[in-house]
Amino acid sequence: SRVIAHLDLDCFYAQVETLRNPELRDKPLGVHQKSIVVTCNYEARKLGVKKLMSVKDAKEKCPQLVLVKGEDLTPYREMSYKVTELLGEFSPLVERLGFDENFVDITEIVEKRLEQLQQSGCSRVCVSGHVYNNQALDSRDPMHVRLAIGSQVAEELRETLAARLGLTGCAGVASNKLLAKLVSGTFKPNQQTLLLPESCGDLMRGLDGVQKVPGIGYKTAQRLETLGVRSVCDLQAFPTAALEKELGVSSARRIQKLSYGEDDSPVVPSGPPQSISDEDSFKKCSSEAEVKEKMEELLPNLLDRISKDGRQPRTVRLSIRQFSSTPRWFSRESRQCPLPPHLLQKLRKESSSAVAPLVDILMKLFRKMIDVELPFHLTLLSICFSNLQELPSSEKGSIGFYLKQMSPPAGSGKRGREVEDVPQGEGSASWNQNCPRPGTPKGRKHTEEKQSDGKQRGIPGFPVGHIDQEIFRELPEEIQKELISEKHR
């Protein structure tokens, strides 16, 4: 009897850029990373511009297109936290999904309003927005009534985001997270859709394939295809015993439940990130001097974010990706170590003085992975601070500590993103339903990357067609995940 709302902001990066520069309103706008248009507003879409278009093709299609460079993720990250914080005023159960999506468990609000409705003696309930399949509402069905009230709450959430933050978005209202997410994009932009239980089967069967089901990722979809399972109907009809033999009991039962729209995963409040990281991808880095330079570029923004976060990291991790012409899923290599006490002191007092000793530590980790006496070719370097802990209580008493706590989680500079430590596993690019962990946001898992040979075997979930995979690979991971998740919507 839960009521879950899924909110998905319309062309989020483009909206943020318009808020930063109101002169862009009503103009065709594209946000680009490297030479790819990663998102665009609806004015641009009406003129033929699409996500993942090359900048060159987009300008040819729409000469009046205004392009904004979107490599600095800071404004998007900060606005994303404002959205989640605002939704938290309605319900304590708000779960972030990347930058532009949130689940909100509105069950408690609905129950209170239902009680007030019953006390007033009023039995008439109206739906806000659309109803999937235009299904008629049965006012005698308690679940129908609850979901209808939920649609009213969802409309209030959207109206509040528009009034206080200037953002529009779509919403889906259903009895669980899976269904709410799937139905939210039925009507776009700036609209919402209610799914009644009787239409669940139609929604699931209407999906293009099993890979469209959140929680069924690329690898699982590939394995299912070898079994002849391509559609949701195929998965529903496939013998459970045979599926368990191929995927294991737990995974088989989980994905068959998903195929029927069954999902009992809770909305888990996101909380602060479990780690703070920043990374850069590039075509080539092949000397120690270049590696040090990349580290020195990444560290200041990272240390600034740590300072504003207010907690103290105890571990630092360095990850690299070496060039490979062979497609691989697990192409990153990492080493980590504890931060020494003298460095923790510097992080608390004067973080800029910590850059040089941190580079020394990171270079030691680097040499454990790379024999610098031999030629090497890196295409990515990532630095992550984890094991974040509250400062000692003596420091909590200082006014500086409380001022830091009042600050929202801050953004980094270019290419940055929060990344949490979650097990590597299978799942949707935007929602890993397979790994629920209390207190842990679901949507910021590292995407496993795979080198391309230029053919269909390339980056998992990559929208093959009009974009060079080499260019795609250079985009920040947050952008990659959004674009891949768009393909699966």
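Residues numbered from 1 in each chain as written. Predicted model: local features only at pLDDT ≥ 70, side-chain atom pairs only at ≥ 80, totals over all residues. Heavy atoms only, no water.

Each helix and strand counted, the protein chain has 19 helices and 16 strands in total. For the protein chain, restricting intrachain contacts to residue pairs at least 6 apart in sequence, the fraction spanning at least 24 positions comes to 70%. Total accessible area on the protein chain is roughly 21,300 Å²; 50% of this is exposed by carbon and sulfur atoms. (Helix = DSSP H or I, 4+ residues; strand = E, 2+ residues; numbered from the N terminus. Contact = heavy atoms within 4.5 Å. Areas by Shrake-Rupley, 256 points an atom, 1.4 Å probe, with all protein chains shown as cover.)

For a regular strand, side-chain orientation follows a simple rule: the groups alternate between the two sheet faces. Burial within strand S3 (residues 36–40) is extensive, with 5 of its 5 residues counted as buried. Looking at chain direction, strand S2 (residues 29–33) and S3 are connected through 4 bridges and run antiparallel. Within S3, the residue paired with Val31 across the bridge is Thr39. Connecting S2 to the next strand, S3, in antiparallel fashion are 2 residues, including Lys34 with a positive phi near 55°. (Buried < 20%, exposed > 50% of the residue type's maximum accessible area, 1.4 Å probe, protein only. Pairing = 2+ DSSP bridges.)

Between the first and last C-alpha of helix H15 (residues 355–369) there are 21 Å, a value that for 15 residues agrees with the 21 Å anticipated at 1.5 Å per step. Among the residues of H15, Val355, Pro357, Leu358, Val359, Ile361, Leu362, Met363, Leu365, Phe366 and Met369 are the ones counted as buried. Along its buried surface, H15 packs onto helix H13 (288–309), strand S12 (315–322), strand S13 (332–338), helix H14 (341–349) and strand S14 (378–386). (Expected span 1.5 Å × (residues − 1).)

This brings us to the sheet that holds S3. Spatially, S3-S2-S4 is the arrangement adopted by the 3 strands of the open sheet, whose pairing is mixed. Since the sheet does not close on itself, it has two edges, and those belong to S3 and strand S4 (66–69), each with one partner. Between one strand axis and the next, the sheet turns by 40° as a mean value, whatever way the strands run. Strands S2, S3 and S4 of the sheet are contacted by helix H1 (residues 12–20), whose axis makes an angle of about 110° with S2. (Axes fitted to C-alpha atoms, helices over the stretch in contact; angles between N-to-C directions.)

Throughout the structure, instances matching the rule amount to 19 salt bridges. A salt bridge links Arg223 to Glu246; its shortest N-O distance comes to 3.7 Å. With Arg223 in helix H9 (residues 218–226) and Glu246 in helix H11 (residues 240–247), the pair connects residues that are 23 residues apart, well separated along the chain. For Arg223, a relative accessible area of 38% translates into the label partly exposed. Look at Glu246 and you get partly exposed, because its relative accessible area is 32%. A salt bridge links Lys294 to Asp280, with the shortest nitrogen-to-oxygen separation between them at 3.6 Å. (Salt bridge = Lys/Arg side-chain N within 4 Å of Asp/Glu carboxyl O.)

Turning our eyes to something else, we now look at the nonpolar core. The biggest cluster of nonpolar side chains holds 42 residues, and the ones touching the most others in it are Leu7, Phe12, Tyr76, Leu87, Ile106 and Leu161. Broken down by element, this core gets its largest block of residues, 10 residues, from helix H6 (residues 142–165). Among residues more than four places away in sequence, those in contact with Ile106 are Val3, Ala5, Gly150, Val153 and Leu157. Residues Val291, Leu298, Leu339 and Val355 belong to the second largest nonpolar core, which totals 35 residues. (Core = buried A, V, L, I, M, F, W, Y, C linked by side-chain atoms within 4.5 Å.)

What follows covers a negative patch on the surface. A grouping of Glu290, Glu293, Glu296 and Glu297 is seen on the molecular surface, where their side chains present a negatively charged patch. For Glu293, the position within the fold is in helix H13. The exposure class assigned to Glu293 is partly exposed, which follows from its relative accessible area of 46%. (Patch = residues over 30% accessible without salt bridge, like charges linked within 9 Å, V, L, I, M, F, W, Y side chains within 5 Å. Lys, Arg positive; Asp, Glu negative; His and termini not counted. Charge placed at Lys NZ, Arg CZ, Asp CG, Glu CD.)

Our focus in this paragraph is the pairing of strand S10 (residues 275–285). Buried residues dominate S10, accounting for 9 of its 11 residues. With 8 bridges connecting them, S10 and S14 associate as antiparallel partners. Paired with Asp280 across the two strands is Leu381, which belongs to S14.

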